Each structure stands twice: as C-alpha cells, then as structure tokens.
Amino acid sequence: MEKVAVALSGGDAYRISVRGHEFTVDQPPEAGGEGLGPTPVDLFVASLASCVGFYAGRYLARHGLPREGLRVETEYEMAAGRPARVGEVRLRVVLPQDIGETRTRALAAVVDHCTVHNSLRQPPRVDIGIG
C-alpha cells in the first residue's frame, strides 16, 4: 500500500507528507483557521481536476496534439444536507486548440474514466482505526 502521513502543525493546520513532498492544509480564517493552505475538501476536488487534466494531457500527447495551455476549470458546492459532503463538482477541460468533434468526444470519454473519478463511482473500502 502507498503511504500518506498527516500531522497537526498548529491550530487547524495539518502537514501532509506524500512520497517526499510536503504541504499544508488549513481552514480559511472565516472558518477558524489561518488560511495557510487549501482545505481538505479543496484538495479532494483538486485531486479530481488534476486527474482529469492528467488524462487529457496524456490523450493529447498520444495523438500528437499540443498540450501547452491545457487546463481544467473547476467549481464545487457543498451539499445542503447531512452528512457534510461535496454535493456537486463541475469541471471544464480547456484545450489549447480545437481538436475536432470526433476527437473531442473521444477525449471526453477518456477523462470521464480517470482514476479519481472511477474511485468516486466505485468507492474504496475505508477502515479508520483509533490508537
């Protein structure tokens, strides 16, 4: 199994270590944090968006199409009810150039099956131990 470590760094901020990379998550000041980094929910959505971007980039490269300028614009909303969760995510893949209708449909099919999106469709088993 891959490993990720998360440790309290003060207030509502946590330091995350992943394969030698470190970054901080925190809550915004209006939610009691110091805004030292994105929230865990921001990272969740960013994970989906970056996975879509990765798959789109690989598709473009595989077909000899330019990737420079590729981006994924993303918005999300929290669900109104309980439990607390993301209720909606809207993603838009912005291509550096028009690739035609046939390739656009193929690209849409590819990015729709990125690993993170597949993990949302078929959620992993999550075991939380204490101690």
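So, here is what we can say about the structure in this document. Every value quoted in this text rests on a predicted model; they were computed, and no experiment measured them. (Residues numbered from 1 in each chain as written. Predicted model: local features only at pLDDT ≥ 70, side-chain atom pairs only at ≥ 80, totals over all residues. Heavy atoms only, no water.)

Below, the discussion takes up the packing of helix α1 (residues 40–62) against helix α2 (residues 101–111). One way to put it is that α1 packs onto α2 with a least axis distance of 9 Å and a crossing angle of 140°. As judged from the angle between their axes, α1 and α2 are oblique. As for how α1 packs across α2, the hand of that crossing is right-handed. Across the interface between the two elements, V52, Y55, A56, Y59 and R62 of α1 pack against R103, A106, L107, V110 and V111 of α2. Here the contact of α1 with α2 is composed, by residue class, of eight nonpolar, no polar and two charged. (Axes fitted to C-alpha atoms, helices over the stretch in contact; angles between N-to-C directions. Helix = DSSP H or I, 4+ residues; strand = E, 2+ residues; numbered from the N terminus. Parallel < 35°, antiparallel > 145°, perpendicular 65-115°, else oblique. Left-handed = near helix turned anticlockwise from the far one by under 90°. Contact = heavy atoms within 4.5 Å. Nonpolar A, V, L, I, M, F, W, Y, C, P; charged D, E, K, R; others polar.)

So, about the side chain of D26. Tracing the chain through its elements places D26 in the loop between β3 (21–25) and α1. Although D26 is buried, it makes no salt bridge; R15 carries the closest opposite charge, 10 Å away. Within the structure, the side chain of D26 is placed 3.5 Å from the backbone nitrogen of A13, a separation counted as a polar contact. At 3.0 Å, the side chain of D26 forms a polar contact with the backbone nitrogen of E34. What D26 contacts, discounting residues up to four positions off in sequence, is D12, A13, G33, E34, G35, L36, G37, P38 and T39. (Buried < 20%, exposed > 50% of the residue type's maximum accessible area, 1.4 Å probe, protein only. Lys, Arg positive; Asp, Glu negative; His and termini not counted. Salt bridge = Lys/Arg side-chain N within 4 Å of Asp/Glu carboxyl O. Polar contact = N/O pair within 3.5 Å; in protein donor to acceptor, adjacent residues only side chain to side chain.)

In space, the three strands of this open sheet follow the order β1-β2-β3, with antiparallel pairing throughout. A strand with exactly one partner marks an edge of an open sheet, and here the two such strands are β1 (4–10) and β3. Ignoring strand direction, the axes of neighbouring strands in this sheet form an average angle of 25°. (Pairing = 2+ DSSP bridges.)

Scanning the model with the defined rule gives one aromatic pair in all. Considering the side-chain rings of F54 and Y55, the 5.9 Å spacing of their centres and the 70° angle between planes classify their relative orientation as edge-to-face. With relative accessibility at 44%, the residue F54 sits in the partly exposed group. (Phe/Tyr/Trp six-rings, centres within 6.5 Å; stacked < 30°, edge-to-face > 60°.)

With that out of the way, let us pick up a nonpolar patch on the surface. Among the surface-exposed residues, V4, V6, L8 and Y14 lie close enough to one another that they form a single nonpolar patch of about 390 Å² accessible area. With three residues, β1 is the single largest residue contributor to the nonpolar patch. Position of L8 relative to the elements: it lies in strand β1. (Patch = residues over 30% accessible without salt bridge, like charges linked within 9 Å, V, L, I, M, F, W, Y side chains within 5 Å. Areas by Shrake-Rupley, 256 points an atom, 1.4 Å probe, with all protein chains shown as cover.)

Helix length check: α1 (23 residues) gives 33 Å between terminal C-alpha atoms against 33 Å at 1.5 Å per residue, within 8%. Among all positions in α1, only V45, L48, A49, C51, V52, G53, A56, G57, Y59 and L60 are buried. Turning to α1, the residues buried within the fold contact β4 (71–78), β5 (86–94), α2 and α3 (115–121). Residue G64 follows α1 closely and has a positive phi angle near 65°. (Expected span 1.5 Å × (residues − 1).)

This part takes up the pattern of salt bridges. For side chains bearing opposite charge, pairing can occur when the charged atoms are close. Scanning the model with the defined rule gives nine salt bridges in all. R71 is the partner of E73 in a salt bridge, and the nearest nitrogen-oxygen pair spans 2.9 Å. Look at E73 and you get partly exposed, because its relative accessible area is 32%. R71 sits in the partly exposed class, given a relative accessible area of 43%. Across the salt bridge formed by R105 and E101, the nearest N and O atoms sit 2.7 Å from each other. Here R105 pairs with E101, and both are found in helix α2, just four residues apart, close to one helical turn.

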